[in-house]
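Results of the structural survey
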Amino acid sequence: MRHLISLDDLDAHDIAGLLSTADHMAEVLGRPQPKVPALRTKTVCSLFFEDSTRTRLSFETAAKRLSAETLTFTASSSSVNKGESLRDTVETLAAMGVDVFVVRHKTAGLPLSMTNWCDARVVNAGDGAHQHPTQGLLDAFTLSRALGRGNDLSGVRVAIVGDIRHSRVARSTLRALHVLGASITLVAPASLLPAAFVGADSVPDGWPVGVSHSLDEVIGEIDVLYLLRMQRERMDNAFISSPGEYSAHFGLTDGRLSRMRKGSVLMHPGPMNHGIEVAVDLDSLADHGVANLITQQVTNGIAVRMSVLFTLFGAGSEAIDGQ
Amino acid sequence: MASDNTTVLITGGTVVNRSGETRADVLLSGGIIQRVEPNLDATLPAESSGGPRRLAAEGCVVSSSFVDLHTHMREPGREESETIATASRAAALGGYGACVAMPNTDPAQDNVAVVEFVRLQGERAGLITVSPAGCITIGRNGTQLAPFHSMVAAGVRLFTDDGSGVQDPLIMRRALEYARQLGITIAQHCEVARLTDGAVMHEGCCSSRLGLPGWPAIAEVLMLQRDIELVRETGASMHFLHLSTARSVEIVRQAKNDGLPVTAEVTPHHLSLTDEKLTSFSTLFKVNPPLRTMQDVEALRAGLADGTIDAIATDHAPHAAHLKDQDLSLAPPGMLGLQTALGVALGYSGCTTKRIVEAMSWAPAKIAGLDATHGSDLVAGAAANLVVFSTEGVWRQTPESIVSKSRNSPYFDSDLVGSVHHVVHRGDVVVVGGALQ
């Protein structure tokens, strides 16, 4: 694996391999000294053209646990627009000896373009509504480990709920869970499904999913409720009427929580909008036999990102063990 | 630079005229076609004996040179991407004798001074006829009508705000009222902007997969329908730029059946490329309107073949490398077209050679109001604006072969068919053997 741009580029074997390496990384993180020298000769630069402190810190922590040097470049796209071109920025940083760029950008495809602009490895940390591959991997890791399923999710029923249209998380997580065998239903108002679904009588080619416009219809039939973040700005182009209207029909409310299956789990990529998609007290989940995996997703993000950075350089497992 | 306006004999080619195709030699002098007859080569003195200069056309088509209804020459204002001189070179190599210069320059071609400048720069370059289009509204802002009377007096015949559509129905209605009275043509870029905000590609299966903001077909269709009703009401002539959807072809076909004075064009790229090209995320394939689906491509080919679509027009849109080296949302839309249009038409349109000549020369010359000098049949007395091209041979464009200032061609990986051998403009031999003179 030279770059990690999209989970569509990885098959089940690749994904299972990354998750198994993440098991090793999780073990490292449990040690008294949670650090290995695997990447001590490497420099990892996080290049965030769109703000995301959480993802950036997760990647930088992962890099540090592998003993890599870390550099941080953050800029809002607008300030970059005014001055140096994006390509010049990338070439300049690459010239400083960066081995891996961890890049986030508001536009789909920019991480792929970067692979043509420099010799460094590129890890996509989120590009527009396209992909956020490490999120997909950490979701698959968190879910499969929580269910004690190894790298096999066959038969697990997942509902991904919310703004599928604009969500790179949905595209990545859907791919990772599907490849491991889960069956997935997208739940959203029609306006928030990808455009290919508009006016279609059946699910479009390339989408291995079922579709529902009613969370009430599926809430009692699923093992995993995966809620996406609903942004207030979606009112601007009439994708939703109001956050309240959305919450009432597509949010996790007390009424819907009471109908979830015992042993089912809740996931969310964060940051949550309390009162919109998450309209319950999360402490009450346990009373209904529903496990909250949201914090585990964050924790596992570090092990999964260590696995990705480690795998990019094809280092042997002895590099993890030698301290 | 051309300066040999002497006597020329084009030998051994097949002359394609409206009446049919005939084997004939073509004798030119004084900027006029003198004779079109078989075997002139044998009856006239050899070049070495003081006879006419020979241009070999064996196995080739000889026709009136092409006319592009849709060329972004970028001058004035964007000379880093293209100039009228460099666009003229690309046009001549592509077999063109005239180009309509789109008015989205800076300053815009919304007044006599700028359109005169553009025309004059074309004369200075001296390779093709540059015919400036005028804006419909001042600064293409969509709110204040441009001075139609003044620009018509300066020779402008085609008016457009291309790059964006005229959104306001009141403005478009008024423009058409003027157009009817002045005998000019309004050319519309059909795009309801409210439906395409931030769009970088066709909205559909591919954009859904790639997570890229989509430009839905309906945004073209809605404006096309509105404007056809305005044409029905005003009786003015309207030309529809770069049709891109299957539904658009049906709508224009119906409008023509209704007898409305509408014409339409299609670009080479909409005849040959689909939205799947965007899976590379390459900004070379970002264009407005966007590349659409194979179903759309096939409908456009059929519309071109049956005459619903009158013309192939390039929408030649050069952009300097640093502008295309941005992310897809910031990179400007557009691709080169002048040097590859014939190769695409022959390779992908599915049309006969005669239909291609009609769509690349005869019809656009009339729509552009250039038919006094361009797009004529090759007969004695006609202006000597003609092209000699082969319809065979497969080639690929390379960056080195591009004479535009920019390199944003989408065809580096596509097989193109046929090639331009010679071009004569106003009796001057400007291209010989595929090379500028």
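Residues take numbers from 1 onward in each chain, read along the sequence in its written order. The naming scheme follows written order: chains are lettered A onward, ligands numbered 1 onward. Given that the model is predicted, a residue must reach a pLDDT of at least 70 before its local features are reported, and side-chain atom pairs must reach 80 or more before they are shown or counted; all residues, however, enter totals for whole chains, interfaces and linings. Values shown for side chains rest on all heavy atoms present in the structure; no hydrogens or waters enter the calculation.

**Quick look at the environment of proline 269 of chain A**
Residue and element names in this part refer to chain A. Helix and strand definitions here come from DSSP, where helices need a minimum of 4 consecutive H or I residues and strands a minimum of 2 consecutive E residues; each element is numbered from the N-terminal end. Turning to its location among the elements, proline 269 is positioned in the loop between β9 (265-267) and β10 (291-292). Here proline 269 falls in the buried class, since its relative accessible area comes to 15%. When the C-alpha atoms of proline 269 and valine 100 are compared, they prove to be 24 Å apart, with 169 residues separating the residues in sequence. Exposed residues in this analysis have more than 50% of their type's maximum accessible area, buried residues have under 20%, and partly exposed residues fall in between, with area computed by a 1.4 Å probe over protein chains only.

**So, unusual backbone geometry**
Residues and elements named next belong to chain B. Note the cis peptide between glutamate 75 and proline 76, where omega equals 5 degrees. With respect to the helices and strands, the residue proline 76 is situated in the loop between β8 (66-71) and α2 (84-93). Across the junction of aspartate 106 and proline 107, the peptide omega takes the value 5 degrees, indicating a cis bond. Note on placement: proline 107 falls in the loop between β9 (96-101) and α3 (112-125).

**Considering the pattern of salt bridges**
Whenever a carboxyl oxygen of Asp or Glu lies within 4 Å of a side-chain nitrogen of Lys or Arg, that contact is scored as a salt bridge. According to the stated counting rule, one finds 28 salt bridges over all chains in the structure shown. Here arginine 168 of chain A makes a salt bridge to glutamate 50 of chain A, at a shortest N to O gap of 2.9 Å. Linking arginine 168 of chain A in helix α7 (residues 168-179) with glutamate 50 of chain A in the loop between β1 (43-48) and α2 (53-65), this pair joins segments that are 118 residues apart in sequence. Looking at arginine 168 of chain A, the relative accessible area reads 13%, which means it is buried. Linking arginine 56 of chain A and glutamate 60 of chain A is a salt bridge whose minimum nitrogen-to-oxygen distance equals 3.4 Å. Of the two residues, arginine 56 of chain A and glutamate 60 of chain A both sit in helix α2, four residues apart, roughly one turn of that helix. Neither residue differs from the other here; arginine 56 of chain A and glutamate 60 of chain A are each classed as buried. Through salt bridges with shared partners, a single ionic network connects Arg87 and Glu91 of chain A together with Asp325 of chain B.

**Focus: the sheet that holds strand β11 (residues 158-160) of chain B**
The pairing of strands in a sheet comes from backbone hydrogen bonds and takes either a parallel or an antiparallel form. Residue and element names in this part refer to chain B. Within the open sheet, the five strands sit side by side as β11-β12-β15-β16-β17. Their pairing is parallel. Every other strand in the sheet has two partners, leaving β11 and β17 (311-312) as the edge strands with one partner each. Note on definitions: a residue-residue contact is assigned when non-hydrogen atoms from the two residues lie within 4.5 Å. To get an axis, a line is fitted to the C-alpha atoms, and for a helix only the part in contact is used. The angle between two axes follows their N-to-C directions and goes from 0 to 180 degrees. Across the sheet, helix α5 (residues 169-182) lies against β12 (185-188) and β15 (237-240), angled at about 150 degrees from β12, the strand it touches most. Strand pairing requires that DSSP identify at least two bridges connecting the strands.

**Description of the environment of aspartate 371 of chain B**
On the secondary structure map, aspartate 371 of chain B appears in the loop between α13 (353-367) and β18 (386-395). Not counting chain neighbours up to four residues away, the residues in contact with aspartate 371 of chain B comprise Ala365, Lys366 and Ser376 of chain B.

**Regarding the interface of chain B and chain A**
Listed as interface residues are 17 residues of chain B and, on the opposing side, 23 residues of chain A. Considering only the side of chain B, the residues that lose the most area to chain A are Ser208, Phe281 and Asp325 of chain B, jointly responsible for 34% of the buried surface there. Our enumeration of links across chain B and chain A arrives at one salt bridge. The residue arginine 87 of chain A makes a salt bridge to aspartate 325 of chain B at a minimum N-O spacing of 2.7 Å. What qualifies as a polar contact is a pair of N or O atoms within 3.5 Å, subject to a donor-acceptor requirement within protein and to the restriction that residues adjacent in sequence count only when both atoms come from side chains. Where chain B packs against chain A, one counts eight residue pairs in polar contact (both at pLDDT 80 or more). Partitioning the side of chain B that touches chain A into residue classes produces six nonpolar, six polar and five charged. For any pair of parts, buried area is found by adding up, for both, the accessible area (1.4 Å probe) each one loses once the two are put together. Residues are grouped as follows: nonpolar covers Ala, Val, Leu, Ile, Met, Phe, Trp, Tyr, Cys and Pro; charged covers Asp, Glu, Lys and Arg; every other residue, Gly included, is treated as polar.

**Describing the domain arrangement of chain B**
Accessible area lost when the parts come together is the quantity often used to give the size of an interface. Residues and elements named next belong to chain B. Partitioning chain B into structural domains gives domain 1 (8-62 + 381-436) and domain 2 (64-367). Annotation comment: domain bounds sourced from an automatic or database domain assignment. Relative placement of domain 1 and domain 2: their C-alpha centres are 27 Å apart. Listed as interface residues are 40 residues of domain 1 and, on the opposing side, 49 residues of domain 2. For the pairing of domain 1 and domain 2, the buried interface totals around 3,500 Å² over both sides, and the portion due to carbon and sulfur atoms is 61%. Looking only at domain 1, the three residues that lose the most surface to domain 2 are Lys405, Asn408 and Tyr411, adding up to 18% of its buried area. The interface formed by domain 1 and domain 2 contains one salt bridge. Its salt-bridge partner being glutamate 123, residue arginine 426 comes within 2.8 Å of it at the nearest N-O pair. Taken together, domain 1 and domain 2 are joined by 25 residue pairs in polar contact (both at pLDDT 80 or more). Of all the secondary structure elements, the ones that give two or more residues to the side of domain 1 that touches domain 2 are β2 (14-17), β3 (20-23), β18, β19 (416-425), β20 (428-432) and β21 (435-436). Looking at which element gives the most residues to the side of domain 1 that touches domain 2, the answer is β19, with seven residues. Looking at side-chain class alone, the side of domain 1 that touches domain 2 contains 18 nonpolar, 16 polar and six charged residues.

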